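So the chains spell out like this:
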Amino acid sequence: MRLLIVEDETRLAGQLHEALTKAGYAVDTAHDGEEGHFLGESESYDAIVLDIGLPKRDGLAVLASWRRLGVAAPVLLLTARDSWSDKVAGLDAGADDYLAKPFEMPELVARLRALIRRSSGHASPELVCGPLAIDTRASRVTVNDEPVVLTAQEYKLLAYMMHHKGKVVSRTELTEHIYDQDFDRDSNTIEVFVTRIRKNSACRCCARCAGLATCSMNRAKSSVHILLQRGSLSRRILALAIGFLLPVLLGGGLALDRVLANALTQAFDEQLQDALASLMGAADLQPDGSVQLQRPLADQRFAEPYSGKYWQISTVGAPPLRSRSLWDRALATELADVRFREPARRIATLGDERLRLLEQDAVLAGSRRVYRFVVAVDAARLEAQIAGYRRVLLWSVAALGVAMLLLVGLLAAYGLWPLRRIREGIVAVRAGASKRMSGGFPPEVQPLVDELNALLDHTDAQADEARTHAGNLAHALKTPMTVLLNEASAGRTPLAATVTSEVMRMKRHVDHHLARARALGRRAALGARTKVWPSLESLQRAMTRIYAERGVAVALSGDQTLAYRGERQDLEEMLGNLMDNACKYGGGRVRVSIERDVSAPSTLALLIEDNGPGLTPEQQARVFQRGERLDQQQPGSGIGLAIVRDLAALCGGGVTLGASAALGGLSVCLRLPAAD
């Protein structure tokens, strides 16, 4: 939670900052009214401690301004003014609580906790979300009444989400509310802490209960990542939409541009036609043979010098009659080219002006001369109108294209969402969180879901069948082998010794390949998930009974919540072999520890150590060979470590040997895939 302290007394502000920081809050401090007003308006806080008597700007004025601007953070007024009138004035100005000086720091912290709880809709100091509970008074987190250890920043993040459970909280909001203003907003610290909380099995429920909004951020990143992948459906849909919409928009835009340009040009020419008709109607032949206008044209721009709108009447052998707007200039005309019937349009230049002209020849009544009537307008006017319409058209087409692409993107995201749900369901099955694909799906993808469920059922049936066949094969082979071995052991002949040796060799091969067959059959069953600690406890009890006469002590340590992504039988097969070797060949002390591999968080690391003589590097290389036994005095088949190695490799793990720094004997590290 992020707080703002506005207090002008430096020492008191420092004490408040220290106390509230120790209480787990991110704290910003301002020492005058203007600075406090700026921070409160521009930053987002969960609560504010505001002194009334501030320099530069009074605290009540700051508070009233905040409320007018829509700042909704709860405010605790802190001041030496303890009269009821001051309290009423402060509360009426928008304060949520009032604390008079002097005061006890625990009381201020408790009042702030209450303000933050009430502002987020919580009346009790204990925030509860399913099995997860936070006691804000003691900063204590429990799941099913069992305490959970979190770092200070993890607690701040979790507490803020619990105050806003059920709401979507963005990364920016989390950053603004759990860190002060000096924090680097561009770092990925928030993602790191969210990942830690999610990986904490005790707090995993908060991601479901509190509506951990950063999931929306991760989903958005995932969606962008999928879109950028080569060959993705979203990318294909978007590419197809762009390939279709781009030519349509370009073609439609060009056609509309041509239509608009022609319409504007036609309207422009119609204005010229009207002006030419008015000019020809106003012309009158004078007795001296000159031409004058009976009345001025209606458009005043013909009378304004250099206005860009001109007219002229010309004939052979006489000076032209010009509009005042031409002033000392004249329009160039070819009088030899006589046009009686239709007006002619052309582009001409007059100084630095480009003119659009409309001209027509006519014979006035009472005269045999041909007069040319010309009306001209600066073409820049038409071009400016066309350019303006083109800008509007360009932005309109661009906005339409962007809107259509966004619509296509939304349709692709919404239409392909069931496929993402299928992917999430498969991940859940693979992680062991579910046995089948569940939930309703659209009719188009429901057959795919049904086929996937049928495939899962089929693989489960195959795994069961493989286990059954392996058991039947073991019974069919080992029973007669046992008979042969017992019969051979009764004799002292060379034949009996040969039979015994060969039967033991057969037994090693059968044991090894049966173990592999069982592991392969179980590996076909997706979604297997096994808690490691119960298996360790079972094996601990077994080893204690087996080696009771030797007084072997087996100690367990580590994270009891970790799980192995696989079948329990495979896990106990590997651990049983390793723990049996440690008890058999060690000095009486065995320690087994389990933790998540720091270098590979998706991997479990199980360490089996003993206080025996250990192995040399050359011996460590030999013990993984099938049938290799370094100690012939102890009973065994010599395939234990080979089976462990093969089973670990089948599930994507591995096993390494080394020296135990704690007990002095052999150390075996078994790495296995972890289940989330």
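Here, residues in each chain are numbered from 1, in the same order as that chain's written sequence. Residue-level local features of this predicted model are given only where pLDDT is at least 70; pairs of side-chain atoms are given and counted only at 80 or more, and the full residue set underlies all totals for whole chains, interfaces and linings. Note that water and hydrogens are dropped before the side-chain values are worked out from all heavy atoms of the structure.

A. Seen up close, a nonpolar patch on the surface. Patches draw on residues past 30% relative accessible area with no salt bridge. Two like charges within 9 Å are joined, as are two nonpolar side chains (Val, Leu, Ile, Met, Phe, Trp, Tyr) within 5 Å. The accessible surface values rely on the Shrake-Rupley method and a 1.4 Å probe; as for residues, cover is taken only from the protein chains in view. One speaks of a salt bridge when a side-chain nitrogen belonging to Lys or Arg is within 4 Å of a carboxyl oxygen belonging to Asp or Glu. On the surface, Ile242, Leu246, Leu250 and Leu405 cluster together into a nonpolar patch covering about 330 Å² of accessible area. Here the nonpolar patch takes three residues from helix α11 (residues 233-282), the largest share from any one element. Inspection of the secondary structure assignment puts Leu250 in helix α11. Going along the chain from the N terminus, every DSSP run of H or I of four or more residues is numbered as a helix, and every run of E of two or more is numbered as a strand.

B. Looking closely at the sheet that holds strand β3 (residues 47-51). The five strands lie next to each other as β2-β1-β3-β4-β5, forming an open sheet whose pairing is parallel. Whereas interior strands pair on both sides, the edge strands pair on one side only; in this sheet they are β2 (26-30) and β5 (97-100). Across the sheet, the mean angle separating the axes of adjacent strands is 20° when strand polarity is ignored. As paired strands, β3 and strand β4 (residues 75-79) are joined by four bridges and run parallel to one another. Paired with Ile48 across the two strands is Val75, which belongs to β4. Any two residues having at least one pair of non-hydrogen atoms within 4.5 Å are treated as being in contact. Axis lines are fitted to C-alpha atoms, over the contacting stretch for helices. Their N-to-C directions set the angle, which ranges from 0 to 180 degrees. Strands in contact with helix α2 (residues 33-42) are β1 (2-6) and β2; relative to β2, the strand with the most contacts, it is inclined by about 140°. Along the sheet face, helix α5 (residues 105-119) touches β1, β3, β4 and β5 and points at about 175° away from the line of β5. Strand pairing requires that DSSP identify at least two bridges connecting the strands.

C. Broad picture of helix α3 (residues 59-69). Under the scheme applied here, a residue whose accessible area is under 20% of the maximum for its type counts as buried, over 50% as exposed, and between as partly exposed, the area being computed with a 1.4 Å probe on protein chains only. Along α3, the positions that sit buried rather than exposed are Gly59, Leu60, Val62, Leu63, Ser65 and Trp66. Between the side-chain oxygen of the N-cap and the backbone nitrogen of Leu60 there are 2.9 Å, and the N-cap of α3 in question is Asp58. One or two steps after α3, the chain reaches Gly70, where phi turns positive at roughly 90°. Under this definition, polar contacts are N or O atom pairs within 3.5 Å; protein pairs additionally need one hydrogen-donor-capable and one acceptor-capable atom, and for neighbouring residues in sequence, both atoms have to be side-chain atoms.

D. Molecular detail of the pattern of salt bridges. All told, the structure shown has 21 salt bridges when counted by the stated rule. With its nearest N and O atoms 3.5 Å apart, the salt bridge here joins Asp269 to Arg345. In this pair, Asp269 is assigned in helix α11 and Arg345 in strand β14 (residues 344-350), connecting sequence segments 76 residues apart. You can call Arg345 partly exposed: its relative accessible area is 48%. Arg356 is the partner of Asp269 in a salt bridge, and the nearest nitrogen-oxygen pair spans 2.7 Å. Taken together, the residues span a long stretch of sequence, with Asp269 in helix α11 and Arg356 in strand β15 (residues 353-362) at a distance of 87 residues. Summarising the burial analysis for this pair, Asp269 and Arg356 share the class buried. Each of Arg2, Asp28 and Glu43 takes part in a single network of salt bridges with overlapping partners.

E. Spotlight on the pairing of strand β22 (residues 654-659). Strand direction decides the pairing type here: β22 and strand β23 (residues 666-675), joined by six bridges, are antiparallel. For Gly654, the partnering residue across the bridge sits in β23 and is Arg671. Linking β22 to β23, which pair antiparallel, is a turn of six residues; within it Gly664 sits at a positive phi near 90°.

F. Fine view of the nonpolar core. As used here, the term nonpolar core means buried Ala, Val, Leu, Ile, Met, Phe, Trp, Tyr and Cys residues forming a set that is joined through side-chain atoms within 4.5 Å. Ranked by size, the top nonpolar core spans 40 residues in total, and within it Leu536, Leu575, Leu606, Leu670 and Leu672 carry the most contacts. Secondary-structure elements contributing two or more residues to this core are α15 (532-546), β18 (553-558), α16 (568-585), β20 (589-596), β21 (603-610), α18 (640-650), β22 and β23. In terms of residues, this core owes the most to one element, α16, which gives seven residues. Discounting residues that sit within four places of it in the chain, Leu672 has contacts with Tyr564, Leu571, Met574, Ser602, Thr603, Leu604, Leu606, Ala648 and Cys651. Judged by nonpolar contacts, the second largest core, of 22 residues, contains Leu358, Phe373, Val375 and Val377.

G. Fine view of the sheet that holds strand β8 (residues 140-143). Ordered by their spatial adjacency, four strands build an open sheet running β6-β7-β8-β9, and the pairing between neighbours is antiparallel. Two strands lie at the open edges of the sheet, namely β6 (126-129) and β9 (146-148), each paired on one side alone. Strand-to-strand, the axes of this sheet are offset by a mean angle of 25°, without reference to chain direction. In this sheet, β8 lies alongside strand β7 (residues 132-135) in antiparallel orientation, the contact comprising four bridges. Opposite Ala133, over in β8, you have Thr142 as the bridge partner.

H. Representation of the side chain of Asp32. Assignment of secondary structure puts Asp32 in the loop between β2 and α2. Note on Asp32: relative accessible area 13%, which makes it buried. Polar contacts involving the side chain of Asp32 include one to the main-chain amide nitrogen of Glu35, which spans 2.8 Å.

I. Examining the environment of Gln385 more closely. For Gln385, the position within the fold is in helix α12 (residues 379-431). Gln385 sits in the partly exposed class, given a relative accessible area of 38%. Residues Gln385 and Ala261, spaced 124 residues apart in sequence, show a C-alpha to C-alpha distance of 8.9 Å.

J. Highlighting the confidence of the model for the protein chain. On average, residues of the protein chain carry a pLDDT of 77, and 75% of them reach 70 or more. What pLDDT reports is the predictor's confidence in each residue, on a scale of 0 through 100. Considering only residues more than four positions removed or in separate chains, one finds that residues 205-223, a stretch of pLDDT under 50, has 38 contacts. The low-confidence segment residues 630-638 (pLDDT under 50) makes 19 contacts with residues lying over four places distant or belonging to another chain.

K. Quick peek at the pairing of strand β13 (residues 318-322). Where strand β12 (residues 309-315) and β13 come together, three bridges link them in antiparallel fashion. In the strand pairing of β13, Thr315 is matched with Ala318. Taking the residues that link successive antiparallel strands as the turn, the β12-β13 hairpin has two residues, and the phi of Gly317 there is positive, at about 85°.

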